[in-house]
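Chain and residue survey
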Amino acid sequence: MNSLNFILLFLLILALILSLFKTGARAKWAKNIRFFIVILGLAFFGYWFFQKSFSNFLEKSMSIQVINRVNQPLDIYAIKVIDKDQNKFLTKHLGKVRTHHYQIDYFVMSNSNEFWVAAYNVKNKLVYFSQHSVQNKEEDQKIEVRTFLNQSQKLSDIAEKVIEKNKLENVNQSIFVSLTLLVLFLNIVLLTRKKKS
């Protein structure tokens, strides 16, 4: 999605440059291209927001339900282990979960038989880490966080690095999405602005 967003940003900047053509045959040609790029941008973000608003449920996926039983809110992550040796992981942020509440997410486990759960406290300190092997990939998993526990210091160190990388990728994506939306808005304003007579 990041590469598509980058291409769209480039096209929208090109559309802004094309807005400099105001008269003659080139202006009409440039305006048609700008309309096409803006419609492409609207379609891209329409699909993206539509996809994000739906549940993460996937066909033939395994649900992971994490219940917070400790007396403080936890920021919980689930990590699917694809290949530890090659640092291949899929990270999902389940979100901040209050005491006696739960959060559910889904993993397609066809290329994995292990996942980890990591939780941070309000001070952004890792206070819980557990490793889970999956015997039956069609059986949903239920994990209750009852105490602060770290099953493996070595693996939890890897998990922290994976989560930090995921956070950085999300920040970069947010910046690119915000910038692309801003340039899209500028293009829409320029296209719909009426000329003064």
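Residues numbered from 1 in each chain as written. Predicted model: local features only at pLDDT ≥ 70, side-chain atom pairs only at ≥ 80, totals over all residues. Heavy atoms only, no water.

1. Observations concerning the overall build of the protein
The test is simple: Going along the chain from the N terminus, every DSSP run of H or I of four or more residues is numbered as a helix, and every run of E of two or more is numbered as a strand. Here the globule rule reads 2.2 Å times residues to the power 0.38, and the radius of gyration is calculated from C-alpha atoms. Buried, partly exposed and exposed residues are distinguished by accessible area as a fraction of the type maximum, computed with a 1.4 Å probe on protein chains only: under 20%, between the cut-offs, and over 50%, respectively. Between two residues, a contact is recorded if the distance between any of their heavy atoms is within 4.5 Å.
Helix and strand content of the protein: 3 helices and 8 strands. Overall, the protein shows an N-to-C arrangement of helices and strands of α-α-β-β-β-β-β-β-β-β-α. Against the globule reference of 16 Å for 197 residues, the protein gives a C-alpha radius of gyration of 23 Å, more extended than a compact globule. Here the C-alpha coordinates of the protein stretch approximately 70 × 35 × 30 Å along the principal axes. Here the protein holds 197 residues, and 39% of them are scored as buried. For the protein, long-range pairs separated by at least 24 residues make up 69% of all intrachain contacts whose partners lie at least 6 apart in sequence.

2. As for unusual backbone geometry
Of note in the backbone geometry, asparagine 87 takes a positive phi value of approximately 55° without being a glycine. In this structure, asparagine 87 sits in the loop between strand E2 (74-83) and strand E3 (88-97). The exposure class of asparagine 87 is exposed, given its relative accessible area of 56%. Look at histidine 100: it is not a glycine, yet its phi comes out positive at around 65°. In this fold, histidine 100 is placed in the loop between E3 and strand E4 (101-107).

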